[in-house]
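Next come the chains, spelled out residue by residue.
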Amino acid sequence: MDKFVIKGPCKVRGQVLISGSKNSALPILASTLLFDETVTLENLPQVRDIDTMLNLLKSLGKIVQFSKNKKIVKISNSKRPKYFASYSIVKTMRAGILVLGPLVAKYQKSISSFPGGCILNGNSGRPIDLHLSTLKKLGMKYEIKNGYIHASSKGKLKGRSIKFPTISVGASQQLIISSVLATGKSLLSGLATEPEVKDLTNFLKKAGAKIKWVGKRTCRIIGVEKLKGIRYSVMGDRIETGTFCVAATLTKGRLLIKNFDPKLIQTELKILKKVGAKIKESKNQILIQGPKKIKNIKNIVTKEYEGFPTDLQPIFMVLLCKADGISTISEKIFKGRFMHVMELQRLGAKIFVKNAKALIYGDPNFGIGAEVMSSDLRASAALVLAGITSKGVTTISRIYHLERGYEQFEQKLRKIGVNIKRVSG
Ligand code: EPZ
């Protein structure tokens, strides 16, 4: 298993190009199951979760063809669609559950494994009850046997008025995708409004779906017979953008971050300004300069969009380890998402967690290199940033977590001045 070895402290300088969003590409890819015609996607990030989703689509009978530079992918139908989403593929990725709805919507049947994904909630796991209960309202019947969801519907799914009891990004995407070919009208309310959900509705609309956002969290969908093959470019990755913004702020660095619309991360940029970063926003790019001294900040709370994203919680925690004073972060989405805390403590962080709230005793001299271990995707990125700011050598193991969602992370970091190398074993 590969490890990263980072010699710090390093200062980041230069330019970085943001990749396509993994969390936007995954539901868009799942929704290609609804199509008869070919879909061409641009700006897909080359990361492991995307490979997994493409393998899943192939196992369901789709034909996947890459352009020479691997930047464009065409997804078309083979003559033999399949309905079995196997454990061996779906176990590694939460978004595997997103094929369930489109399979039932298109073919009226599916046998899908329970999904895997990052462990973010300790023993509470990551339930799929909202996916199942809302699909049931559209007319899907299911039974759970041997770890598989055996689902079917009598004829097409039927449009309904459905209100989500709590907000879920994945279940919102699942239901939107599944309503597009349903008969009649659906009114879906209580939806997540993350930019990745909007990117999905933009994609489906371009393909002929009749979707209209009629309220902040409400969509009206009128079922159509079929979707037309289109070419679409996936949005930039806001979590990768946030990660590089923190890298600059943390290291007193200066970065020009390209290929991302700053309007989509206003909450994050506001916090970075509060801790002292100087930020210049322009069309599709952000210029960010880290401060001499990072100010502490109280009461960061993770929330649904447009609130502060849970995926950046571990990454901002590293920044606050280096702040001048005490900061707090409350985790409201995944209450157990604190696996990185123990590892940051190995580097000298003083963090105490109680009732899903972290109290961070910042120290401008934070960070002495140590051996640490990744526990999940975003925690891995947080440990890399901590290694970059720490004195001496930090070795990070289990970096396969990171490869699920950051395209060419080490290459991009090396280009902006980080002393990072990959070693095997
Ligand atoms: C998406 O996960 C993202 N994953 C996550 O990013 C992200 O952390 C999360 O949204 C929140 O923003 C992808 O887009 C592939 P949720 P998702 O359903 O859809 C509870 C990353 O690092 N819930 O919005 O799984 C759930 O337990 C990943 O890139 C139910 O109770 O998140 C959580 O507390 C990690 N029942 C809350 O809702 C359900 O059926 C929000 O989860 C579904 C969710």
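As the structure is a prediction and not an experimental result, all values here were calculated from the model.

S.K.: Even after reading the chapter, I still don't get the environment of Gln 173, so can you show me in this structure?
M.R.: Of note, Gln 173 is situated in helix α6 (residues 169-179). In sequence terms Gln 173 and Phe 35 are 138 residues apart; their C-alpha atoms lie 16 Å from each other. When neighbours within four sequence positions are excluded, Gln 173 is seen to be in contact with Asn 23, Pro 27, Leu 98, Glu 196, Val 197 and Leu 200.

S.K.: Help me understand the pattern of salt bridges, please; the structure alone is not making it clear to me.
M.R.: One pass over the structure, following the stated rule, counts 17 salt bridges. Measuring nitrogen to oxygen at the nearest pair gives 2.9 Å for the salt bridge that ties Arg 422 to Asp 2. Separated by 420 residues along the polypeptide, Arg 422 in strand β24 (residues 420-423) and Asp 2 in the segment before β1 (3-8) bring together distant segments of the chain. A residue is classified by how much of its surface remains accessible, and Arg 422, at 31% relative accessible area, is partly exposed. Residue Asp 49 pairs with Arg 404 through a salt bridge whose shortest N-O separation is 2.8 Å. In this pair, Asp 49 is assigned in helix α2 (residues 48-59) and Arg 404 in the loop between α13 (400-403) and α14 (409-415), connecting sequence segments 355 residues apart. It is possible to trace a salt-bridge network through shared partners that takes in Asp 2, Glu 403, Glu 410, Arg 414 and Arg 422.

S.K.: When you look at the state of the cysteines in this model, what are you seeing that I'm missing?
M.R.: Each disulfide is one covalent bond, formed between the sulfur atoms of two cysteines. Under the criterion given, the structure shown has zero disulfides. Counting only cysteine sulfurs, Cys 321 is the nearest neighbor of Cys 10, a cysteine outside any disulfide, at a range of 17 Å. Residue classification places Cys 10 among the buried positions, given a relative accessible area of 11%.

S.K.: Would you explain the sheet that holds strand β6 (residues 84-85) in this entry?
M.R.: Backbone-to-backbone hydrogen bonds pair the strands of a sheet. The strands run either parallel or antiparallel. Judged by pairing direction, the sheet is mixed, and its four strands sit side by side in the order β6-β7-β9-β8 without closing on themselves. Looking at strand neighbours, the two that pair on one side only are β6 and β8 (141-145), the edges of this open sheet. Strand direction decides the pairing type here: strand β7 (residues 109-113) and strand β9 (residues 148-152), joined by five bridges, are antiparallel. Following the sheet pairing, Ser 110 is matched in β9 by Ala 151.

S.K.: Can you walk me through the layout of surface pockets in this structure?
M.R.: Where empty space is left becomes clear once a probe the size of a water molecule has been rolled over the atoms. In this model, the largest pocket occupies a volume close to 1,200 Å³. Forming the boundary of the largest pocket are 47 residues, of which Arg 126, Val 169, Gly 170, Ile 333 and Phe 334 lie nearest the centre. Among the secondary structure elements, those contributing two or more residues to the lining of the largest pocket are α1 (22-31), α5 (129-137), α6, α8 (238-250) and α12 (377-389). Looking at the lining of the largest pocket element by element, the count peaks at four residues for α1. When grouped by side-chain class, the residues that make up the lining of the largest pocket number 19 nonpolar, 11 polar and 17 charged. Composition of the lining of the largest pocket by domain shows at least three residues from each of domain 1 (3-18 + 236-423) and domain 2 (22-233). Of the pockets and cavities examined, the second largest pocket occupies roughly 390 Å³. Along the walls of the second largest pocket sit 17 residues, with Leu 17, Ser 19, Gln 408, Lys 412 and Lys 415 positioned nearest its centre. Elements represented by at least two residues in the lining of the second largest pocket include exactly β2 (13-17) and α14. Along the lines of polarity and charge, the residues of the lining of the second largest pocket split into four nonpolar, eight polar and five charged. When residues of the lining of the second largest pocket are sorted by domain, at least three fall in each of domain 1 (3-18 + 236-423) and domain 2 (22-233).

S.K.: Teacher, can you tell me more about the domain arrangement of the protein here?
M.R.: How big an interface is tends to be stated in terms of the accessible area lost upon association of its parts. According to the domain assignment, the protein contains domain 1 (3-18 + 236-423) and domain 2 (22-233). For domain 1 versus domain 2, the separation of C-alpha centres amounts to 30 Å. Every contact between the two is made by 21 residues of domain 1 and, on the other side, 24 residues of domain 2. When the two sides are added together, the surface that domain 1 and domain 2 hide from each other amounts to roughly 1,900 Å², 48% of it contributed by carbon and sulfur. Its largest share of buried area at the contact with domain 2, domain 1 owes to Tyr 305, Arg 404 and Glu 407, together 38% of the area lost on that side. Applying the counting rule to domain 1 against domain 2 returns three salt bridges. Applying the counting criterion to the domain 1 and domain 2 interface returns eight residue pairs in polar contact (both at pLDDT 80 or more). Of all the secondary structure elements, the ones that give two or more residues to the side of domain 1 that touches domain 2 are α12 and α13. Take the side of domain 1 that touches domain 2: its biggest share by element is three residues, from α13. The residue makeup of the side of domain 1 that touches domain 2, split by class, is six nonpolar, four polar and 11 charged.

S.K.: Is there a simple way to think about the side chain of Thr 32 in this case?
M.R.: Take Thr 32: it is sitting in the loop between α1 and β3 (39-42). Those residues in contact with Thr 32, other than ones at most four positions away along the chain, are Val 39, Leu 57, Lys 62 and Ile 75.

S.K.: Explain the packing of α1 against helix α7 (residues 195-206) to me, please; I cannot follow it from the model alone.
M.R.: If you want to describe how two helices pack, look at the angle between their axes and the distance between the axes. With their axes 8 Å apart at the nearest point, α1 and α7 run at an angle of 35° to one another. As α1 packs across α7, the resulting crossing turns out to be right-handed. In this structure, α1 contributes Asn 23, Ser 24, Pro 27, Ile 28 and Ser 31 to the contact, and α7 contributes Glu 196, Asp 199, Leu 200, Phe 203 and Leu 204. Of the residues belonging to the contact of α1 with α7, the class tally is five nonpolar, three polar and two charged.

Basis of the calculations
- Residues numbered from 1 in each chain as written.
- Predicted model: local features only at pLDDT ≥ 70, side-chain atom pairs only at ≥ 80, totals over all residues.
- Heavy atoms only, no water.
- Helix = DSSP H or I, 4+ residues; strand = E, 2+ residues; numbered from the N terminus.
- Contact = heavy atoms within 4.5 Å.
- Salt bridge = Lys/Arg side-chain N within 4 Å of Asp/Glu carboxyl O.
- Buried < 20%, exposed > 50% of the residue type's maximum accessible area, 1.4 Å probe, protein only.
- Disulfide = S-S within 2.5 Å.
- Pairing = 2+ DSSP bridges.
- 1 Å grid on protein atoms, 1.4 Å probe; cavity = no way out; pocket = protein on both sides within 12 Å on 5 of 7 lines; lining within 4 Å.
- Points joined across faces, edges and corners; volume = space filled by probe spheres on them.
- Nonpolar A, V, L, I, M, F, W, Y, C, P; charged D, E, K, R; others polar.
- Domains from an automatic or database assignment.
- Buried area = accessible area lost by both parts, 1.4 Å probe.
- Polar contact = N/O pair within 3.5 Å; in protein donor to acceptor, adjacent residues only side chain to side chain.
- Axes fitted to C-alpha atoms, helices over the stretch in contact; angles between N-to-C directions.
- Left-handed = near helix turned anticlockwise from the far one by under 90°.

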